[in-house]
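So you can see what is in the structure, the chains are spelled out below.
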Amino acid sequence: MKFSCIGRFAVVFILWALAICFFSGYRAQLKPAASGYHLLKTISLPDAPGGREYYDYISLDAGARRVYVSHGTEVVVLNADDYSVAGKIEGLSRCHGIAIAKDLGKGFITDGDSAPGATVQEVVVFDLKTLKVTGRVKTGQLDTDAIIYEPVTKHIFTFNGDSHNTTVIDAVKESVITNIDLVGKVEFPAVDGKGMIYDNNPEKNDIVAIDARSNTIQSRWPTDPAGAPTSMAIDQKNRRLFSGGRGPQFVIMMNADTGKVIQSYAISAGVDANAFDPGTGMLFVATREGMMHIYHEDSPEKLSEVEAIKTEYGAKTLQVDPKTHNVFLSTSAFNPPAAPTEKQPHPLATAKPGNFHVLVYGK
């Protein structure tokens with residue numbers, strides 16, 4: 001009897017140990033493998049004219065193999081393959097975003113400031129082949145910031161942060177059509193290629209869906225659990241929006257037709273840009289804290305967290321190359337934050353002139 005009990009105990013113990021090994025292996029298989037992304041290249045760029053260090057969005061023309069990097073009073077154009085400087089678009093005041101209209105052979109740059117008394121609030125038009133400035137369209141809207149091209153209507157939409165609206169511009173005639181009040185501070189948009197535009201509203205904690213044909217707001221969808229939504233990307237094929245919020249700090253996957261939030265993940269501080277690679281299903285999220293969060297869209301109903309890669313402080317904007325799948329980010333060296341004040345209790349570090357650079361991550 002004693003031997004029998006010991007034998008049974010041994011059998012149970014062995015089965016228990018085997019079960020632990022099995023489920024540990026099963027869980028390891030479920031965990032997504034590391035992305036393989038690592039730093040390939042650091043591209044140092046000289047000061048922009050004017051001496052005040054500033055940078056914002058990055059855009060990419062995969063067909064022309066050009067990367068457009070916002071840098072203060074200029075846009076630096078890099079070769080996407082050998083990382084050389086292909087040219088510059090100069091004579092700007094404080095540039096933000098770059099929109100490419102390949103069917104028109106034009107590029108559009110938002111040039112605007114949110115500082116009190118700022119006078120330049122416009123869109124600068126340039127030729128995609130020569131990079132020469134060919135026109136300017138005054139928006140007259142304070143903080144003319146993010147920009148996107150809507151191909152169905154052939155309209156440019158600028159998102160004017162402090163003006164709480166979007167300016168609609170006829171990209172062919174290069175003239176303002178109207179301003180749409182978005183009722184709250186606006187941030188980065190996405191376009192579905194079928195006549196709809198989606199924009200983050202960090203003041204109202206929602207996403208605004210805009211019908212580009214009628215220039216009217218079609219829907220407003222809350223971004224909970226993400227708050228103060230700022231960054232945006234879209235999977236056009238599966239009609240999924242990816243929006244990143246600064247407080248609470250989450251990235252969400254949302255149905256672009258119903259506004260249903262499907263999944264969410266916590267992210268680091270200061271998110272400013274998302275990019276989706278349709279060829280790999282990878283989503284990249286950049287934050288001021290210096291993290292690049294990487295996810296994989298397993299299906300239209302499932303987003304998996306792959307890994308978070310430490311980049312550099314301030315590398316908050318990025319863009320992915322759909323051909324090579326490399327990711328471009330921009331940042332600088334920084335001064336320590338100023339002492340907190342009642343008006344500014346959480347001051348941010350300021351960029352040091354002469355230290356601007358682009359980071360290239362790939363496999």
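To keep things clear, this report deals only with the structure shown in the data block.

Procedures and definitions
- Residues numbered from 1 in each chain as written.
- Predicted model: local features only at pLDDT ≥ 70, side-chain atom pairs only at ≥ 80, totals over all residues.
- Heavy atoms only, no water.
- Salt bridge = Lys/Arg side-chain N within 4 Å of Asp/Glu carboxyl O.
- Helix = DSSP H or I, 4+ residues; strand = E, 2+ residues; numbered from the N terminus.
- Pairing = 2+ DSSP bridges.
- Axes fitted to C-alpha atoms, helices over the stretch in contact; angles between N-to-C directions.
- Phe/Tyr/Trp six-rings, centres within 6.5 Å; stacked < 30°, edge-to-face > 60°.
- Buried < 20%, exposed > 50% of the residue type's maximum accessible area, 1.4 Å probe, protein only.

Examining the pattern of salt bridges
For step 1, the next point in the chain: In the structure shown here, the tally under the stated rule is 18 salt bridges.
For step 2, the next point in the chain: With a closest N to O distance of 2.9 Å, Arg65 and Asp81 form a salt bridge. Residue Arg65 is located in the loop between β2 (58-61) and β3 (66-71), and its partner Asp81 is located in the loop between β4 (74-79) and β5 (85-89); the two are separated by 16 residues in the primary sequence.
For step 3, the next point in the chain: Across the pair Lys302 and Asp298 runs a salt bridge whose closest N-O atoms are separated by 3.9 Å.

As for the sheet that holds strand β17 (residues 216-222)
Within a beta sheet, neighbouring strands are joined by backbone hydrogen bonds and run either parallel or antiparallel to one another.
For step 1, the next point in the chain: The antiparallel open sheet is built from 4 strands, whose spatial order is β14-β15-β16-β17. In this open sheet, the two strands that pair with only one neighbour each are β14 (189-191) and β17. On average, each strand axis in the sheet is inclined to that of its neighbour by 20 degrees, with strand direction left out of account.

Re the sheet that holds strand β26 (residues 317-320)
For step 1, the next point in the chain: Pairing is antiparallel in the open sheet, where 4 strands are placed in the order β1-β28-β27-β26. Every interior strand has two partners, whereas the edge strands, β1 (38-44) and β26, have only one. In this sheet, adjacent strand axes meet at a mean angle of 20 degrees when their direction is disregarded.

Quick look at the packing of aromatic side chains
For step 1, the next point in the chain: Counting across every chain of the model gives 9 aromatic pairs.
For step 2, the next point in the chain: Here the aromatic rings of Tyr57 and Phe188 are separated by 4.8 Å at their centres, their planes lie at 45 degrees, and the arrangement is tilted. Linking Tyr57 in the loop between β1 and β2 with Phe188 in the loop between β13 (175-181) and β14, this pair joins segments that are 131 residues apart in sequence.
For step 3, the next point in the chain: By relative accessible area, which is 6% here, Tyr57 ends up buried.

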